[in-house]
Amino acid sequence: MELLKERICQDGKMREGNILKVDSFLNHQMDITMLQEIGKEFHRRFANDNVTKILTIESSGIGIAVIAAQYFGNIPVVFAKKTKSKNLDGDLYLSKVKSFTKGIEYDIQVSKRYVTEDDTVLLIDDFLAKGQALRGLIDIVNQSGAKLAGCGIVIEKGFQDGGKLLREQGVRVESLAIVDGIEEGNIIFRED
Ligand code: 5GP
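Residues numbered from 1 in each chain as written. Predicted model: local features only at pLDDT ≥ 70, side-chain atom pairs only at ≥ 80, totals over all residues. Heavy atoms only, no water.

Novice: Looking at this structure, how should I read helix α1 (residues 2–11)?
Specialist: Note on helix geometry: an α-helix contains 3.6 residues per turn, so any two residues three or four positions apart are oriented the same way. If you check which residues of α1 are buried, you get L4, K5, R7, I8 and D11. Mapping the buried residues of α1 onto a view down its axis gives an arc of 160°, with all of them on the same face. Close packing links the buried residues of α1 with β1 (13–15), β2 (19–21), α2 (32–46), β8 (147–157), β9 (173–183) and β10 (186–189). (Buried < 20%, exposed > 50% of the residue type's maximum accessible area, 1.4 Å probe, protein only. Helix = DSSP H or I, 4+ residues; strand = E, 2+ residues; numbered from the N terminus. Arc of directions from axis to C-beta. Contact = heavy atoms within 4.5 Å.)

So, in structure tokens, the structure goes:
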């Protein structure tokens, strides 16, 4: 997605620990026009998959998923919670995720009421690095008996192996920009 790649080049900063910082438009301040283009592109790629629900993980995935859902006819968005809350009652799907940015392991949880075997689920997240977040979400989809349409990722870091391993396992991963590395200060993208 050219518009996205241009924005990453313009605003993206590579930080220590292989962290790409794009908080001027995606992770802190959110550019709604950009998010609409991202949502349209996810819909273009998954338009024929009869997606009934979008599942994401708090917090950065939520805004992206909510805007994308509008292009899928306002289907519901469910977000996996990272902390226990009194609001979360009843039966839960649980899975363990190791955070790439924080380095800690935590349980993600989704109420069994909101993802069921009748659903076809699209997973959406902002970044794909080592694939831990997606693995946790896929585990939850599998526990629910729902069908997995695939994963929509805004930025995949192709120099980390999450995307490669998931695709090898047959998971459909659609990334709108794949960053393969940095050469002389320039961000290098994988060709579409
Ligand atoms: P993974 O689970 O694939 O290793 O990492 C994906 C998760 O870690 C995403 O949900 C995202 O929030 C965070 N993440 C991974 N790499 C980056 C990065 O380079 N920049 C930012 N802002 N977040 C990242």
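Novice: What's the story with the side chain of D119 in this structure? I'm lost.
Specialist: Its location among the elements puts D119 in the loop between β6 (105–111) and β7 (120–128). A residue is classified by how much of its surface remains accessible, and D119, at 8% relative accessible area, is buried. In this structure the side chain of D119 is engaged in a polar contact, spanning 3.5 Å, whose partner is the side chain of K53. Residue contacts for D119: discarding those within four places in its chain leaves T52, K53, Y114, A146 and K147. (Polar contact = N/O pair within 3.5 Å; in protein donor to acceptor, adjacent residues only side chain to side chain.)

Novice: Teacher, can you tell me more about the site of the ligand here?
Specialist: L20, D125, G131, A133 and K157 are the nearest of the 16 residues found near the ligand. Contact between the ligand and D125: an oxygen atom at 2.7 Å from a side-chain N or O atom of the residue. The contact in question runs from an oxygen atom of the ligand to an N or O atom on the backbone of G131, over 2.7 Å. Of the residues forming the shell around the ligand, the biggest block, four residues, is contributed by β7. (Near = heavy atom within 4 Å.)

Novice: How should I be thinking about unusual backbone geometry in this particular structure?
Specialist: Generally, phi is negative for residues other than glycine and the peptide bonds are trans, each holding for most cases. Residue S59 is reached from E58 by a cis peptide bond, and omega for that bond is 0°. By the secondary structure assignment, S59 is in the loop between β3 (53–57) and α3 (60–71). With a phi close to 60°, N74 is a non-glycine residue in the positive phi region. Relative to the elements of secondary structure, N74 occurs in the loop between α3 and β4 (77–80). In this structure N74 comes out as exposed when scored by relative accessible area, which is 60%.

Novice: Help me understand the pairing of β9, please; the structure alone is not making it clear to me.
Specialist: It is a general feature of regular strands that their side chains alternate between the two faces of the sheet. When you tally the buried positions in β9, you get eight out of eleven residues, the bulk of the element. As defined by bridge partners, β8 adjoins β9 across six bridges and the pair is classed as parallel. Bridging from a neighbouring strand, K157 pairs with V179 of β9. By the bridge criterion, four bridges tie β9 to β10 in an arrangement that is antiparallel. Its bridge partner lying in β10, I182 is registered against I187. Taken together, β9 and the strand that follows it, β10, pair antiparallel across an intervening segment of two residues, in which E184 is found at a positive phi of about 50°. (Pairing = 2+ DSSP bridges.)

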